[in-house]
Amino acid sequence: MTDNTIIRFNSVTKKYDNDPPVLKNVSFEIERGKFYTLLGPSGCGKTTILRLIAGFTEPSEGDIYFNGRVINNVPANKRQVNTVFQDYALFPHLNVFENIAFGLKIKKMKKADIERKVKEALRFVNLEGYENREIKEMSGGQRQRVAIARAIVNEPEVILLDEPLSALDLKLRTEMQYELRELQRNLGITFIFVTHDQEEALAMSDEIFVLNNGKIEQSGTPTDIYDEPINRFVADFIGESNIVPGTMIKDYQVQFAGKLFECVDGGFEPNEDVEIVIRPEDLAITAPADGKLNVKVDSQLFRGVHYEISCYDSDGNEWLVHSTKKATVGDQIGLYFDPEAIHVMRHGETEEEFDKRLEAYEEGSYEN
Ligand SMILES: Nc1ncnc2c1ncn2[C@@H]1O[C@H](COP(=O)(O)OP(=O)(O)O)[C@@H](O)[C@H]1O
Ligand SMILES: [Mg+2]
């Protein structure tokens with residue numbers, strides 16, 4: 001734990017009644033001033049983590065720390081945290097000003113101070129001059145901004161955002177992603193953002209926690225997670241991937257699709273069964289003689305920027321290729337890729353074991 005740690009989960013388990021736990025031994029740290037994303041499919045426990053941080057529910061086991069103090073039983077209204085809910089939860093009978101001022105009035109803040117703070121919050125979310133509008137007169141994107149203004153006006157240390165953009169159409173959503181990221185940078189407040197959309201997570205976050213079935217599968221920066229997924233679930237969930245079975249012959253040498261390849265991974269047992277990930281954009285189409293793999297083109301779709309080409313090798317593995325070059329269905333072609341494009345995953349490896357292995361073989365290769 002560093003001085004910068006604001007929230008820490010220590011082996012937190014959450015159960016409802018006699019059902020299997022919805023969070024299992026979850027541990028993580030959140031640092032001050034960063035943008036975090038909890039990413040995972042519906043039902044994996046994202047909202048439950050936010051509710052635990054906000055104080056709307058308590059852990060069944062384990063401890064939650066805030067600024068170094070255990071807060072398991074601290075009521076929600078005593079926490080330095082505000083939530084932006086998925087449905088915004090604005091008060092429909094109050095106007096924009098009254099919605100944003102609500103929490104400050106409860107705190108019995110002076111009228112002049114409330115007015116100043118609401119104005120400032122509206123300026124932050126680009127809604128200057130909207131004080132007297134009724135909520136029903138606001139568009140979806142504007143309501144979203146009011147909900148955010150209502151959270152930031154309290155100057156919390158942490159803002160929790162539960163799928164706040166999921167109700168917006170694609171264009172507005174992309175705009176709001178950009179705005180939210182800017183807002184977080186300008187305010188310097190810690191944001192914990194929930195989404196099931198991997199592109200959104202990759203675009204916005206300093207750190208991503210990938211969740212599956214009540215557990216964190218992997219945490220790291222967007223590039224860490226995209227470039228080095230530690231297992232099939234993460235590789236599959238974060239972007240499109242080719243995942244094929246392989247054998248790690250020795251350090252830096254792997255076999256798959258019936259051939260030997262140079263790679264950059266190590267730290268496995270000799271001849272260990274592994275899974276190989278290669279991203280579709282890391283495969284280049286060549287003449288059959290120039291490729292590292294020979295495949296047959298099965299189908300092709302134009303995706304606007306690139307063609308998405310599906311091919312099969314002679315072992316029956318499917319290879320998805322993203323290429324600006326067009327291919328011809330039925331043709332035999334070559335696929336070229338760099339050793340760095342091959343990511344090797346160990347079956348059932350946890351994040352902790354992965355980090356240890358990486359450290360060990362990086363130290364080893366440094367000495368050579
Ligand atoms: N109050 C509750 N009582 C019983 N089960 C719940 C309750 N809240 C959530 N769950 C269950 O916990 C699991 C995780 O839910 P949730 O955290 O809302 O997932 P997510 O936000 O990732 O979609 C789900 O299986 C859900 O049905
Ligand atoms: Mg949820």
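- As named in an unreviewed UniProt entry, the protein is Spermidine/putrescine import ATP-binding protein PotA, taken from Sporosarcina globispora.
- Heading Sequence similarities (unreviewed entry) of the UniProt record for the protein holds this comment: "Belongs to the ABC transporter superfamily. Spermidine/putrescine importer (TC 3.A.1.11.1) family."

### Some thoughts on the overall build of the protein
Logical step 1: Along the protein, the regular secondary structure elements total nine helices and 20 strands.
Logical step 2: In terms of its C-alpha atoms, the protein occupies a principal-axis envelope of roughly 75 × 45 × 45 Å.
Logical step 3: When each of the 368 residues of the protein is scored for burial, the buried share is 34%.
Logical step 4: Across the protein, the fraction of contacts at a sequence separation of at least 24, relative to all contacts at a separation of at least 6, is 66%.

### Here's the deal with helix H4 (residues 140-152)
Residues spaced three or four apart along an α-helix face the same direction, because each turn holds 3.6 residues.
Logical step 1: An ideal rise of 1.5 Å per residue puts 18 Å on 13 residues; H4 measures up with 19 Å between its terminal C-alpha atoms.
Logical step 2: Considered for burial, the residues of H4 that qualify are Gln 144, Arg 145, Val 146, Ala 147, Ile 148, Ala 149, Arg 150, Ala 151 and Ile 152.

### A short note on the pairing of strand S10 (residues 215-220)
Logical step 1: By the bridge criterion, five bridges tie strand S9 (residues 207-212) to S10 in an arrangement that is antiparallel. By the bridge assignment for S10, Phe 209 is matched with Ser 219.

### Quick word on the packing of helix H2 (residues 96-106) against helix H3 (residues 111-124)
Logical step 1: Viewed as axis vectors pointing N to C, H2 and H3 meet at an angle of 130°, and their least axial separation amounts to 10 Å. Between H2 and H3, the interaxial angle falls into the category oblique. The chirality of how H2 crosses H3 is right-handed. Counting all contacts with H2, which are made through Phe 97, Ile 100, Ala 101, Leu 104 and Lys 105, the residues of H3 involved are Ile 114, Lys 117, Val 118 and Ala 121.
Logical step 2: The residue inventory of the contact of H2 with H3, partitioned by class, reads seven nonpolar, no polar and two charged.

### Concerning the sheet that holds strand S8 (residues 190-195)
Logical step 1: Taken in spatial order, the six strands of this open sheet run S6-S7-S8-S3-S9-S10, and their pairing is mixed. A single partner strand is all that each edge strand has here, and the edge strands are strand S6 (81-84) and S10. Each neighbouring strand pair of the sheet contributes to a mean axis angle of 20°, computed without reference to strand direction.
Logical step 2: The pairing of strand S7 (residues 158-162) with S8 spans five bridges and is parallel. Bridged to Val 158 within S8 is Thr 190.
Logical step 3: Against the sheet, H4 touches S6 and S7, its axis set at about 175° to S6.

### Topic: the nonpolar core
Logical step 1: Counting 86 residues, the largest nonpolar core has Ala 149, Ile 159, Ile 192 and Val 210 as its most contacted members.
Logical step 2: At six residues, H4 tops the list of elements feeding residues into this core.
Logical step 3: Contacts of Val 210, omitting those with residues within four sequence positions, involve Leu 39, Gly 40, Ile 216, Glu 217, Gln 218, Ile 225, Val 234, Phe 237 and Ile 238.

### Observations concerning the domain arrangement of the protein
Often the size quoted for an interface is simply the accessible area lost on bringing the parts together.
Logical step 1: Domain assignment breaks the protein into domain 1 (5-227), domain 2 (240-279 + 340-367) and domain 3 (284-336).
Logical step 2: One C-alpha centre belongs to domain 1, the other to domain 3; they are set 42 Å apart.

### What to know about the environment of Gln 300
Logical step 1: Looking at the secondary structure, you find Gln 300 in strand S16 (residues 293-302).
Logical step 2: On the basis of neighbour counts, which here come to 16 C-beta atoms within 10 Å, the residue Gln 300 falls in the partly exposed class.
Logical step 3: Spatially, the C-alpha atom of Gln 300 lies 8.0 Å from that of Thr 328, the residues being 28 residues apart in sequence.

### Examining helix H5 (residues 170-187)
Logical step 1: Helix length check: H5, at 18 residues, gives a terminal C-alpha distance of 25 Å against a target of 26 Å (1.5 Å per residue), a fit within 8%.
Logical step 2: Every buried residue of H5 is accounted for by Met 176, Leu 180, Leu 183 and Gln 184. End-on, the buried residues of H5 take up no more than an arc of 95°, which puts them together on one face. H5 presents Lys 171, Tyr 178, Glu 182, Arg 185 and Asn 186 as exposed residues on the side facing more than 90 degrees away from its buried surface.
Logical step 3: Contact partners of the buried residues in H5: strand S3 (35-39), H3, H4, S8 and helix H6 (198-204).
Logical step 4: Following H5 by one or two positions, Gly 188 has its phi on the positive side, about 70°.

### With respect to the UniProt feature "domain: ABC transporter" (unreviewed entry) in the protein
Logical step 1: Those places that UniProt annotates as "domain: ABC transporter" (unreviewed entry) correspond, in this numbering, to residues 7-238.
Logical step 2: As annotated, residues 7-238 has a helix share of 36% and a strand share of 25%, and its two end C-alpha atoms lie 25 Å apart.

### Remarks on the environment of Ser 205
Logical step 1: Along the chain, the position of Ser 205 falls in the loop between H6 and S9.
Logical step 2: Residue Ser 205 is classed as buried on the basis of its C-beta count, with 23 C-beta atoms lying within 10 Å.
Logical step 3: For the pair Ser 205 and Ser 314, spaced 109 residues apart in the sequence, the C-alpha separation amounts to 40 Å.
Logical step 4: The residues touching Ser 205, leaving out its near neighbours within four places in the chain, are Phe 35, Tyr 36, Thr 37 and Pro 222.

### Let's talk about the sheet that holds strand S20 (residues 343-346)
Logical step 1: If you trace the five strands from one edge of the open sheet to the other, you get S13-S12-S11-S14-S20, paired in antiparallel fashion. Here the strands that pair on one side only, and so sit at the sheet edges, are strand S13 (259-262) and S20. Between one strand axis and the next, the sheet turns by 40° as a mean value, whatever way the strands run.
Logical step 2: Strand direction decides the pairing type here: strand S11 (residues 242-250) and strand S14 (residues 272-278), joined by seven bridges, are antiparallel. If you follow Ile 243 over to S14, its bridge partner there is Val 277.

Rules of the game
Residues numbered from 1 in each chain as written. Chains lettered and ligands numbered in written order. Predicted model: local features only at pLDDT ≥ 70, side-chain atom pairs only at ≥ 80, totals over all residues. UniProt positions renumbered as here; feature names shortened; annotations may be inferred. Helix = DSSP H or I, 4+ residues; strand = E, 2+ residues; numbered from the N terminus. Buried ≥ 20, exposed ≤ 12 C-beta atoms within 10 Å, placed from the backbone. Contact = placed C-beta atoms within 7 Å. Expected span 1.5 Å × (residues − 1). Pairing = 2+ DSSP bridges. Axes fitted to C-alpha atoms, helices over the stretch in contact; angles between N-to-C directions. Parallel < 35°, antiparallel > 145°, perpendicular 65-115°, else oblique. Left-handed = near helix turned anticlockwise from the far one by under 90°. Nonpolar A, V, L, I, M, F, W, Y, C, P; charged D, E, K, R; others polar. Core = buried A, V, L, I, M, F, W, Y, C linked by C-beta atoms within 7 Å. Domains from an automatic or database assignment. Arc of directions from axis to C-beta.

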